[in-house]
Amino acid sequence: VSAMEGRAGLSAGAQDRPVPRFEDLPEYRQIRMQELAGELVKIDNPFYRTHDIGAGARTEIGGRSIANFASYDYLGANRHPSVHARVRDALDRYGLSASASRVVAGERPVHRELEARLADTYGVEDAVVFVSGYLTNVTTLGTILGPEDLVIHDEFIHNSALAGIKLSGAARRFFRHNDTAHLEELLLDFSGKFRRILVIVEGVYSMDGDLADLPRLVELRTRYGFWLMVDEAHALGVLGPGGRGTHEHFGMDPACVDIWMGTLSKTTSSCGGYIAGSEALTTILKGAAGGFVYSVGLAPALAAGALASLDLLALEPERVARLRNNGRLFLDLARQAGLDTGLSEGHSVVPVIVGDSLRAVRLSNDLLAAGVNVLPIIHPAVPEGQARLRFFITSEHDEDQIRETVALTARLLGDLVRDNFGLNAIDP
Ligand code: PMP
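Residues numbered from 1 in each chain as written. Predicted model: local features only at pLDDT ≥ 70, side-chain atom pairs only at ≥ 80, totals over all residues.

- If you check an unreviewed UniProt entry, the chain appears there as 8-amino-7-oxononanoate synthase from Shinella yambaruensis.

Given below as structure tokens:
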């Protein structure tokens, strides 16, 4: 039977099946419902606002100059001339793209320079960089774990780590946020029952701005013999006098943590992610992580930009001190004004918790109208009833900006409360 006849035979008598429609996916319906709900209550969508200039302590939206508390540019590297000069130089020398995986023809000197610098920052043997922070978690966890392993993680870890655990097929349990007693209960239950156990926490939690209890975690690691992974996305450049992150903040030996993970998109104002740790760990990732081997190398100009930002951090540690003071000032003023800052310890992230999603969206829009850009974080990114505005503090905010922003937030939230959070104005 020829191939043509075979195909014709197979389809004979079979009913045509309709091709599935993306419109029928629950994800699509949910997003459209949210948009419709916003239109119904006449609220502008605060997401995807277009900024006309690069991220910094001020931005421009719709031709207006606005105070900006919504970017990760913690130390002001994004628009810094010394960073731009290095990026331009790398662009001239290496072009825009690595144009291949590093394994084949994508390796440039700046990749290893950046990795050596990151390893030095953490005081560990080596580091490896990937093209995105998200991918770093996904491919690392997908490579070092398998179905015989167990991950125990803080309930608030980032979505990218959850995606990596899923990819690996490892079993998963979570412990209540920052509750190391709960973690220990789980360890007592599960130790010895899996090939390996990995515990994942964040140095600074991205939605709440509080810190992992590294000293206690390290004690538990010694007792129960698990791998410890710390996501430093919001801690590099933020914690410790030199901005080296969580280990410097607690004055601990970085080797107490098996996997230091971070992103290049925050303090280093670039794009990409990294793992720092032992030579064996980085060797495994460079040889076996699909997201490294089968993905293009980090764009050389982005690597150069991240390196220049780390230089800026080393040369001007006063930026870290300014960030710390600004975070403290923002947190103190917000608390004095009666705002609910949740668990924040006033480092890079200070949330103002307002309750339901509608309130958070309205407050964000009112603040924008008054000249402040800060984004609402709503369900499902945070639990229902915990919607918030998330203020990112940077070294480049000035005191007046912080004082005015906190006062405005308190006043506009007060107006919304009096107005029943805008619900009085809604035409049912
Ligand atoms: N980990 C954490 C804790 C994050 O907050 C983020 C991003 N916000 C990532 C990982 C992913 O990093 P990137 O955005 O650089 O891909």
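Section: the overall build of the chain
For step 1, the next point in the chain: Helix and strand content of the chain: 16 helices and 13 strands.
For step 2, the next point in the chain: Rg of the C-alpha trace for the chain: 24 Å, near the compact-globule value of 22 Å for 428 residues, within the 12% margin.
For step 3, the next point in the chain: If you line up the chain on its principal axes, its C-alpha atoms span 75 × 65 × 55 Å.
For step 4, the next point in the chain: Residues counted as buried form 47% of the 428 residues belonging to the chain.
For step 5, the next point in the chain: In the chain, of all internal contacts separated by at least 6 residues, the share reaching a separation of at least 24 is 70%. (Helix = DSSP H or I, 4+ residues; strand = E, 2+ residues; numbered from the N terminus. Rg over C-alpha atoms; globule rule 2.2 N^0.38 Å. Buried ≥ 20, exposed ≤ 12 C-beta atoms within 10 Å, placed from the backbone. Contact = placed C-beta atoms within 7 Å.)

Section: the environment of Ala280
For step 1, the next point in the chain: Relative to the helices and strands, Ala280 is located in helix H11 (residues 279–288).
For step 2, the next point in the chain: Residue Ala280 is classed as exposed on the basis of its 10 C-beta neighbours within 10 Å.
For step 3, the next point in the chain: Along the backbone, Ala280 and Asp126 are 154 residues apart, and their C-alpha atoms lie at a distance of 8.9 Å.

A few points about the sheet that holds strand E10 (residues 349–355)
For step 1, the next point in the chain: With antiparallel pairing, the three strands of this open sheet are ordered in space as E10-E13-E12. The sheet is open, and its two edges are formed by E10 and strand E12 (375–377), each paired on a single side. Pairwise comparison of adjacent strand axes, ignoring direction, gives a mean angle of 35° for this sheet.
For step 2, the next point in the chain: Where E10 lies against strand E13 (residues 387–392), six bridges are found, and the strand directions are antiparallel. Its bridge partner being in E13, Val352 is matched across the sheet by Leu389.
For step 3, the next point in the chain: Sitting on the sheet, helix H14 (residues 318–336) is in contact with E10 and E13, with an inclination near 25° to E10. (Pairing = 2+ DSSP bridges. Axes fitted to C-alpha atoms, helices over the stretch in contact; angles between N-to-C directions.)

Regarding the pairing of strand E5 (residues 171–175)
For step 1, the next point in the chain: Pairing of strand E4 (residues 150–154) with E5, which is carried by five bridges, proceeds in the parallel orientation. Counted as the bridge partner of Val151 is Arg172 from E5.
For step 2, the next point in the chain: The parallel pair E4 and E5 is bridged by helix H7 (residues 159–168), and the resulting crossover is right-handed. (Right-handed = clockwise from strand over helix to strand, strands pointing away.)

Details of the site of the ligand
For step 1, the next point in the chain: The immediate surroundings of the ligand are formed by 13 residues, with Gly133, His158, Ala233, Thr263 and Ser265 found nearest.
For step 2, the next point in the chain: Among the elements that take part in the shell around the ligand, helix H6 (residues 133–144) stands out by supplying three residues, more than any other.
For step 3, the next point in the chain: Residue composition of the shell around the ligand, by class: two nonpolar, nine polar and two charged. (Near = placed C-beta within 6 Å. Nonpolar A, V, L, I, M, F, W, Y, C, P; charged D, E, K, R; others polar.)

A short note on the nonpolar core
For step 1, the next point in the chain: Counting 112 residues, the largest nonpolar core has Val199, Trp260, Ile275, Ala276, Ala303 and Phe391 as the members making the most contacts within it.
For step 2, the next point in the chain: Counting residues per element, this core draws most heavily on helix H13 (residues 300–315), at ten residues.
For step 3, the next point in the chain: For this core, the domains that each give at least three residues are domain 1 (40–69 + 317–425) and domain 2 (81–315). (Core = buried A, V, L, I, M, F, W, Y, C linked by C-beta atoms within 7 Å. Domains from an automatic or database assignment.)

Some details on the packing of H14 against helix H16 (residues 399–418)
For step 1, the next point in the chain: Contact geometry for H14 and H16: axes closest at 10 Å, N-to-C directions at 25°. When the axes of H14 and H16 are compared, the pair comes out roughly parallel. The handedness of the crossing between H14 and H16 comes out as right-handed. Seen from H14, the contacting residues are Asn326, Leu329, Phe330, Leu333 and Ala334; seen from H16, they are Glu399, Ile402, Arg403 and Val406.
For step 2, the next point in the chain: Of the residues contributing to the contact of H14 with H16, the split by class is six nonpolar, one polar and two charged. (Parallel < 35°, antiparallel > 145°, perpendicular 65-115°, else oblique. Left-handed = near helix turned anticlockwise from the far one by under 90°.)

Some details on unusual backbone geometry
For step 1, the next point in the chain: Residue Pro380 follows His379 across a cis peptide bond; omega there is 10°.
For step 2, the next point in the chain: With respect to the helices and strands, Pro380 occurs in the loop between E12 and E13.
For step 3, the next point in the chain: Of note, Asn178 is a non-glycine position whose phi angle comes to about 60°, a positive value.
For step 4, the next point in the chain: Here Asn178 is to be found in the loop between E5 and helix H8 (180–190).

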